[in-house]
Structure formats: structure tokens, C-alpha cells
Amino acid sequence: MELSGKVAVDPGAGSGIGRASASLLASKGVKVVVADIDEDGGRETVATIVGQGGDAHFVFVDVTDPGSVTSLYAAAVEHYGGLDISHNNAGIVAGNPPWPETPMERLMQLAMVNLGGVMPCTRAAVDHLRNRGGGAIVNTASIAAQFPMADDAAYSATKAGVAMFTQACAALKDRDGIRVNAVLPGLVDTPIINKTGDGTKPADWLVAALEVVPPLKPEEVAEAVLELIVDDNAYSQLKPVMAGL
Ligand SMILES: NC(=O)c1ccc[n+]([C@@H]2O[C@H](COP(=O)([O-])OP(=O)(O)OC[C@H]3O[C@@H](n4cnc5c(N)ncnc54)[C@H](O)[C@@H]3O)[C@@H](O)[C@H]2O)c1
């Protein structure tokens, strides 16, 4: 895919990996709709992109609300005239207390954001991508889809679901020219790491892992997202993004 002049929607771009991906896409000439439940974070991403000479626009979204997701994609098409790319990236962790003490409400929220959010974002994107003759969707899964996280079992399960959903969308390539891929990052240095604990520091179970495995920079994951978007032969790929790979 030639990027210049294309239009992307990036739900979860108010921080971390989504922000880095939106910025990288914008630096390649993509017009980016930055979407997030965190308005301040989303507007900060837009300000950074615009400050660097890129074209970006903020739209509020709660990916657990189908109406909000439908409105997001409609707003993107209205603002920029079409859609070519969706980076379905919004995600949360369970936080303290770790599994199996995770409160019931938090488990349901985790499922609705991490897996529940990816499906309606894909559903909404497909209609608009078809109108352009195809496009690219990249889901942010996690290496936790393949290596079980005992202390956040529900997180692992949602990411495994995202990975399987990505593979199950393979037929969209031949039918609609829509390539659906996923990145599977290892640990990445973003605010989500502290959200595994009390919000100010990582959970105890993660501290030991961080000593052994230095976290990636969000920009390294953004490069992998970009590679999957531009590679016209990539579809249903689960791309690990790990230090040293
Ligand atoms: N950081 C890591 O170690 C790591 C590793 C593998 C995968 N991931 C995944 O990467 C993605 C991005 O995470 P990050 O590390 O950049 O964390 P982050 O917390 O910096 O960013 C997550 C973003 O998702 C947004 N979000 C949360 N709930 C939402 C909702 N209901 N609707 C819309 N937006 C919502 C947040 O406001 C935030 O801006 C997530 O899916 C996460 O699971 C992260």
C-alpha cells in the first residue's frame, strides 16, 4: 500500500503504542483520526502530529459501545472522505489485585475492551474499506496470546481471541481486498505497565520480568504496524514484536 494521502482510524491512540503508530503513519503522509476514550490524551496526540506537520483529527470513542464505534468510522469518512486503514489498538489490563482476585466487573470490562472492541471496530471499518476497494486492518494483540500470563489470565485470553479473530478474517482478503493482521508485542514501555499495578508502579509479578526483559519502545511496535499495513502480501499474519527479533 502506498501511504501518502491515505486515511487511518486509530482507536486507542491517546497514549503509548497507538500514539506512536498514529504519529508514524502521519509522518508518512497518512491523515489520521486519533480516537480514544481519553480525550486529553487523544488531543495531545493530535497536537503532536500537527506540530510535526502532519494531518490528524480527534474523535472520542468508547470501543465497548457499538454506537460510539459506528459514529467514529462515519466521522472519519465524513472528515477525510474515506477510509483505508484501521489500527484496532485500544486495550486495558486487569490491574490490582491479580488473577484470580480480579473483580467481576473488571473482568467484563477487560473482555469488552480488548476483544469486544476489536470486533465492532473491524465490523465498522469493513463497510468503509470496501467502498475504497480494500484496505488494511492491524489489531494490537500481545505475545500474551501465545504465552499465558498466569497473573492476568483474562488479558491473555482476550489477546488469544484477537489473534484468532485476525486469522478468522483471512477470507476478507480475496472477497473485499481487506488485509487483517495483528502485532503481538512483548513488554512495551507505555503507561499500561503501571496500570498492571496501582497505576503508579508495575504489579509485583511484572517487576521481575522487567528486570530480565527490557521493554520495547512504542515506536518499535509502530514500525511493525506500519510494515503490516504497507505489505500487500500480508494478511492474517500474527507478527511477534520482541526484543532481538
Ligand atoms: N505495553 C505493553 O507491554 C503491551 C504489550 C502487548 C500488547 N499491548 C497492547 O497494546 C495496546 C496499546 O496499549 P499501550 O501499551 O499503548 O497502553 P496505553 O494504556 O498507553 O494505551 C491504551 C489506550 O487505550 C485507550 N482505551 C482504553 N479503553 C478504551 C475504550 N473503552 N475505548 C477507547 N479507548 C480506550 C486508553 O485510553 C489508552 O489511550 C493495548 O491493546 C495493549 O493490550 C501492550
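You'll find the structure just up there.
Residues numbered from 1 in each chain as written. Predicted model: local features only at pLDDT ≥ 70, side-chain atom pairs only at ≥ 80, totals over all residues.

Moving on: the site of the ligand. In the neighbourhood of the ligand, 29 residues make up the surrounding shell, with Ser 15, Gly 16, Gly 91, Thr 190 and Ile 192 lying closest. Going through the elements one at a time, α1 (16-27) and α8 (192-195) are the ones with two or more residues in the shell around the ligand. Element by element, the count of residues in the shell around the ligand is highest for α1, at three residues. (Near = placed C-beta within 6 Å. Helix = DSSP H or I, 4+ residues; strand = E, 2+ residues; numbered from the N terminus.)

What follows is about the sheet that holds strand β7 (residues 238-241). Spatially, the seven strands line up as an open sheet ordered β3-β2-β1-β4-β5-β6-β7, and their pairing is parallel. Only two strands of the sheet have a single neighbouring strand rather than two, namely β3 (56-60) and β7. Strand after strand, the sheet turns through a mean of 20° between neighbouring axes, direction not considered. Together, β5 (135-140), β6 (178-185) and β7 form the strand contacts of helix α6 (residues 153-168), whose direction differs from that of β6 by roughly 155°. (Pairing = 2+ DSSP bridges. Axes fitted to C-alpha atoms, helices over the stretch in contact; angles between N-to-C directions. Contact = placed C-beta atoms within 7 Å.)

For the bond from Asn 96 to Pro 97, the omega torsion is -10°, close enough to zero to count as cis. With respect to the helices and strands, the residue Pro 97 is situated in the loop between β4 (85-88) and α4 (104-114). In this chain, Trp 99 is followed by Pro 100 through a cis amide linkage whose omega measures 10°. Of note in this structure, Ser 236 is not a glycine but carries a positive phi near 55°. For Ser 236, the location among the structural elements is in the loop between α10 (218-230) and β7.

The next thing to look at is the pairing of strand β1 (residues 7-11). If a strand is regular, its side chains alternate between the two faces of the sheet. Most of β1 is tucked away, with five of its five residues classed as buried. Burial along β1 is two-sided: Val 7, Val 9 and Pro 11 facing one way and Ala 8 and Asp 10 facing the other are all buried. Here β1 pairs with strand β2 (residues 31-36) via five bridges, running parallel. Paired with Val 9 across the bridge in β2 is Val 33. Where β1 meets β4, two bridges bridge the pair, whose relative direction is parallel. Paired with Val 9 across the bridge in β4 is Ser 86. (Buried ≥ 20, exposed ≤ 12 C-beta atoms within 10 Å, placed from the backbone.)

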